[in-house]
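# Report on the structure
Residue-level listing of the chains:
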Amino acid sequence: MAAPGSGSEPPQRPDFSCGYGVSRPIYCELALQQELERRLRERRTLRDRLASGCSCSRKKVLGVLKTLLPILDWLPKYRVKEWLLSDIISGVSTGLVGTLQGMAYALLAAVPVGYGLYSAFFPILTYFIFGTSRHISVGPFPVVSLMVGSVVLSMAPDERFHVQSSNGSALNSTVLDTEARDAERVLIASTLTLLVGIIQLIFGGLQIGFIVRYLADPLVGGFTTAAAFQVLVSQLKIVLNVSTKNYNGVLSIIYTLIEIFQNIADTNLADFIAGLLTIIMCMAVKELNDRFKHRIPVPIPIEVIVTVIATAISYGANLEKNYNAGIVKSIPRGFLPPVLPPVSLFSDMLTASFSIAVVAYAIAVSVGKVYATKHDYAIDGNQEFIAFGISNIFSGFFSCFVATTALSRTAVQESTGGKTQIAGIISAGIVMIAIVALGKLLEPLQKSVLAAVVIANLKGMFMQVCDIPHLWRQNKIDAVIWVFTCVMSIILGLDLGLLAGLLFGLLTVVLRVQFPSWSSLGSIPSTDIYKSTKIYKNVIEPEGVKILRFSSPIFYGNVDGFKKCVKSTVGFDAIRVYNKRLKALRRIQKLIKKGQLRATKNGIISDVGSTNDAFEPDEDIEDPEELDIPTKEIEIQVDWNSELPVKVNVPKVPIHSLVLDCGAISFLDVVGVKSLRRIVKEFQRIDVNVYFALLQDHVIEKMEQCGFFDDNIRKDSFFLTVHDAILYLQNQVKSQEGQDPLLETITLIQDCKDPLELMETGLAEEELDVQDEAMRRLAS
């Protein structure tokens, strides 16, 4: 025991000394339905549903408007005195970060830097009206921007824009027409944004926001980590200012890395030093912001500070001219007029747009749910699809690329006191100031600094690798999904990698359902509690009864596994037992006719000196012509009736009942119902009754629809609990004690297409009685 006052005393165990007792009748499903008067489900016609759905009232119209336009719900409740100042501070901080990140993520999207400012401005305007999250900051995100960039680079590579140019000599050389290339890439990016918005709007209108549930956390973690690695490689060549080809598709990241290291001797030192210093400073200050977030009222905007310093140094030292550093050069001043993107390009980017639409939505909803839970409100998944769809459609007309939300930007908006999307509108105002007035001042900024800002913001995604050991200890399958998705996304590319991870995740679900856990149950003495006999030592199996718990739905994919579980639980194959008994009875009939066996009141005995050909060893192959039912060999081979002077090698059946605990069976399909019915029939032929317990009402209804019940399979074999079934069986055994067992030969002969003729027509009446008595003893 711990010493008094040590503070390490073990927690006291709760007092479970009390108990309870319940006295009630045994309930089968039929008795329960009759006693409680089961309600019949009301079937509504299509006309009734349309009438109900199309009915109109003032309250209903207002509810629909608030659902489609969430701003009508939260804006009238806005607390100006309490929230406005916090939203202004948050909006200014977020706007400064969003301005720099918009420019930086434009490099990932393979468009000029200035268009990143548009992508950080226009989506906020529409999300302010249609969005349901109060805290997310809408705009570019590195993973989505990289996916956009891969489409842009594949459709507009540099090789398409080499033009002939005379250098004053006799020979002509090719030069890259950057102006035409950039214009084409902006057009492709805006077209892709429009298409992604249309897809998201359709998904939201069809109410299929649930699609994001198939992107499990391990899958998203592996995918975003792989995307962070892809972003790192893509920005590394900008930090080093090394030219490489634009690779896309399978192993593109490997080819890019190889070419970067092949050309590493061409590194521009001015860009490399600026990028390296930016990465170190940003990561160090971000770490300080994280450690002292409770003491610092507003996070230090290190990206803004570094950008201002780097721009001043680049302008003062004229790094472009003196050191050939890569700079932004030109940023459009003001806004461009809206332009309809060419819809003729849709067919070339349709496949990629689906994955981008889902990934962008999944990231936004995941981040939104985190802050919604923290601040105790709910977001509407389907409305988020609509909000981002409208935002991307609107942005597509203004030369933007796909928007979602960024984790770091959202964290800034929430941590600086942002209460609503008023902070988002203010941040958009800060970006607008940069577009209208500050663009010219940022032209001397080195691209390596922007690339370094992107790399510094990848720390959180790379740190997800540390989750693998913890995830492995919790659930090995989830850990495998994480690693598989990450590796496939690196090797195959983000779009194919996401698809591969999604299919692999669904495969693990199918396998877990197809090969579920099952257990044979026993009871805790003097209780109605039943636990697995493999896990607990002191549980007792009822005599003559086996209890099976199957923890999965039963459908076409796992019916064979369910049959194996039944065989393993009872210890024999019902079909083989039936076939062995039928074959033994036929052999006995033949030998009785030949006179090699005699029927007496004490049973069937063989004549002295005669060989008994009726009973062969179990390892002998059975004659298929004698049996109408196929047989399956099993290992358990015991005597059928030990009272006979000769051995009958028929598997012994040590039970009289099988109880199926169906509490974990959530649904049955047609194949599952048919298989259950077949199993019940097979056991009934060998005088083993099958009972069901804990079946849910909708599962029983499905069994009724599939014709499961008949004269031999009735609802009185369905019980409310396992204990009800066991008590019923115990009462049945007591009531049958002292009664003669039914003659099994009759059941076997009735099931056989060619009935046995046990007697010759010339036998006397008393010999018939002796023969019946002998067959009864044989079958008992």
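Source: prediction; values computed, not measured.

Parameters and conventions
Residues numbered from 1 in each chain as written. Predicted model: local features only at pLDDT ≥ 70, side-chain atom pairs only at ≥ 80, totals over all residues. Heavy atoms only, no water. Helix = DSSP H or I, 4+ residues; strand = E, 2+ residues; numbered from the N terminus. Buried < 20%, exposed > 50% of the residue type's maximum accessible area, 1.4 Å probe, protein only. Areas by Shrake-Rupley, 256 points an atom, 1.4 Å probe, with all protein chains shown as cover. Salt bridge = Lys/Arg side-chain N within 4 Å of Asp/Glu carboxyl O. Contact = heavy atoms within 4.5 Å. Axes fitted to C-alpha atoms, helices over the stretch in contact; angles between N-to-C directions. Parallel < 35°, antiparallel > 145°, perpendicular 65-115°, else oblique. Left-handed = near helix turned anticlockwise from the far one by under 90°. Nonpolar A, V, L, I, M, F, W, Y, C, P; charged D, E, K, R; others polar. pLDDT = per-residue confidence, 0-100. Pairing = 2+ DSSP bridges. Right-handed = clockwise from strand over helix to strand, strands pointing away. Phe/Tyr/Trp six-rings, centres within 6.5 Å; stacked < 30°, edge-to-face > 60°. 1 Å grid on protein atoms, 1.4 Å probe; cavity = no way out; pocket = protein on both sides within 12 Å on 5 of 7 lines; lining within 4 Å. Points joined across faces, edges and corners; volume = space filled by probe spheres on them. Core = buried A, V, L, I, M, F, W, Y, C linked by side-chain atoms within 4.5 Å.

## Things to note about the overall build of the protein chain
Per the secondary structure count, the protein chain includes 30 helices and twelve strands. Evaluated residue by residue, the protein chain yields a buried proportion of 47% over its 780 residues. Accessible surface for the protein chain amounts to roughly 41000 Å². Of this, 59% is attributable to carbon and sulfur atoms.

## Points about the pattern of salt bridges
Evaluated as defined, the whole model comprises 19 salt bridges. Among the salt bridges present, the one from Arg-291 reaches Glu-287, with a minimum N-O distance of 3.2 Å. Of the two residues, Arg-291 and Glu-287 both sit in helix 12 (residues 269-291), four residues apart, roughly one turn of that helix. Overall, the relative accessible area of 61% leaves Arg-291 in the exposed class. Note that Lys-440 is salt-bridged to Glu-443, the shortest N-O span being 3.5 Å. Take Glu-443: its relative accessible area is 13%, and that puts it in the buried class. Here the salt bridges share partners, and the residues they tie into one network are Asp-158, Arg-181, Asp-182 and Arg-185.

## Structural notes on helix 7 (residues 122-130)
Burial runs high along helix 7: seven of the nine residues are buried. The complete set of buried residues in helix 7 reads Phe-122, Pro-123, Ile-124, Thr-126, Tyr-127, Phe-128 and Phe-130. Looking at the buried residues of helix 7, the elements they touch are helix 3 (58-68), helix 4 (71-74), helix 6 (114-119), strand 1 (138-139), helix 16 (381-396) and helix 18 (422-438).

## Examining the packing of helix 22 (residues 476-492) against helix 23 (residues 494-514)
At their nearest, the axes of helix 22 and helix 23 sit 7 Å apart, and the two run at 155° to each other. Between helix 22 and helix 23, the interaxial angle falls into the category roughly antiparallel. The handedness of the crossing between helix 22 and helix 23 is right-handed. Contact residues: helix 22 offers Ile-477, Asp-478, Val-480, Ile-481, Phe-484, Thr-485, Met-488, Ser-489 and Leu-492, while helix 23 offers Leu-494, Leu-496, Gly-497, Leu-498, Ala-500, Gly-501, Phe-504, Gly-505, Thr-508 and Arg-512. Grouping the amino acids of the contact of helix 22 with helix 23 by side-chain chemistry returns eleven nonpolar, six polar and two charged.

## Here we look at the confidence of the model for the protein chain
A residue-level look at the protein chain finds 83% of positions with pLDDT of 70 or above and a mean pLDDT of 82. Predicted confidence is poor over residues 608-647, with pLDDT under 50, and the contacts of this stretch with residues over four places away or in other chains come to 86 contacts. Note on residues 740-780: pLDDT under 50 across the span, and 64 contacts to partners over four residues away in sequence or across chains.

## Digging into the pairing of strand 11 (residues 689-693)
Two faces make up the sheet, and in a regular strand the side chains alternate between them. With four of five residues buried, strand 11 is to be regarded as a mostly interior element. Note: strand 10 (residues 657-661) against strand 11, five bridges, orientation parallel. Of the residues in strand 11, the one forming a bridge with Asp-661 is Ala-693. With two bridges connecting them, strand 11 and strand 12 (residues 718-719) associate as parallel partners. Looking at strand 12, one finds that Ala-693 is bridged to Phe-719. The parallel pair strand 11 and strand 12, bridged by helix 27 (residues 697-705), forms a crossover whose chirality is right-handed.

## Description of the packing of aromatic side chains
Under the defined criterion, the tally for this structure stands at 29 aromatic pairs. When the ring of Phe-692 is compared with that of Phe-708, the centres are 5.9 Å apart and the planes differ by 80°; the resulting orientation is edge-to-face. Here Phe-708 lies in the loop between helix 27 and strand 12 and Phe-692 lies in strand 11, a separation of 16 residues in the sequence. Taking relative accessible area as the criterion, Phe-708 reaches 0% and is therefore assigned buried. A ring pair is formed by Phe-709 and Phe-718, whose centres lie 5.2 Å apart and whose planes are at 55°; its orientation type is tilted. In this structure Phe-718 comes out as buried when scored by relative accessible area, which is 2%. Taken together, the ring pairs connect Tyr-115, Tyr-118, Phe-121, Phe-122, Phe-335, Phe-394 and Phe-398 into an aromatic cluster.

## Looking at the packing of helix 10 (residues 217-240) against helix 23
The contact between helix 10 and helix 23 brings their axes to 10 Å, and the two run at 160°. The orientation of helix 10 with respect to helix 23, classified from their angle, is roughly antiparallel. For the pair helix 10 and helix 23, the sense of crossing is right-handed. Within the contact between the two elements, helix 10 uses Leu-219, Phe-223, Ala-226, Ala-227 and Gln-230 and helix 23 uses Leu-494, Leu-498, Gly-501 and Leu-502. Grouping the amino acids of the contact of helix 10 with helix 23 by side-chain chemistry returns seven nonpolar, two polar and no charged.

## Description of empty space enclosed by the protein
Under the definition given, this model contains four cavities of 30 Å³ or more. Estimated volume of the second largest cavity: approximately 70 Å³. Lining of the second largest cavity is provided by Leu-215, Leu-219, Val-220, Phe-223, Thr-224, Val-359, Ala-362, Ile-363 and Leu-498. Looking at the lining of the second largest cavity, the elements that each hand over two or more residues are helix 10 and helix 15 (346-374). If you tally residues by element for the lining of the second largest cavity, the top one is helix 10, at four residues. Of the residues contributing to the lining of the second largest cavity, the split by class is eight nonpolar, one polar and no charged.

## A look at the environment of Thr-191
One can find Thr-191 in helix 9 (residues 178-205). Placed 155 residues apart in sequence, Thr-191 and Phe-346 show a C-alpha to C-alpha distance of 7.5 Å. Leave out the neighbours within four places in its chain, and Thr-191 touches Pro-341, Pro-342, Leu-345, Phe-346 and Met-349.

## What to know about the nonpolar core
One finds Val-144, Val-148, Ile-356 and Leu-450 to be the most contacted residues of the largest nonpolar core, which totals 103 residues. Residues within four places of Leu-450 in sequence aside, it is in contact with Leu-100, Met-103, Ala-104, Leu-107, Val-113, Val-328 and Leu-445. Cys-565, Tyr-578, Leu-582 and Val-690 belong to the second largest nonpolar core, which has 36 residues in total.

## A look at the pairing of strand 5 (residues 518-523)
Most of strand 5 is tucked away, with five of its six residues classed as buried. Pairing of strand 5 with strand 7 (residues 545-550) involves three bridges; the strand directions are antiparallel. Among the inter-strand pairings, Ser-519 is bridged to a residue of strand 7, identified as Arg-549. In this sheet, strand 6 (residues 530-532) lies alongside strand 5 in antiparallel orientation, the contact comprising three bridges. Paired with Ser-523 across the bridge in strand 6 is Tyr-530. Between strand 5 and strand 6, which pair antiparallel one after the other, the connecting turn spans six residues, and Ser-526 there sits at a positive phi close to 65°.

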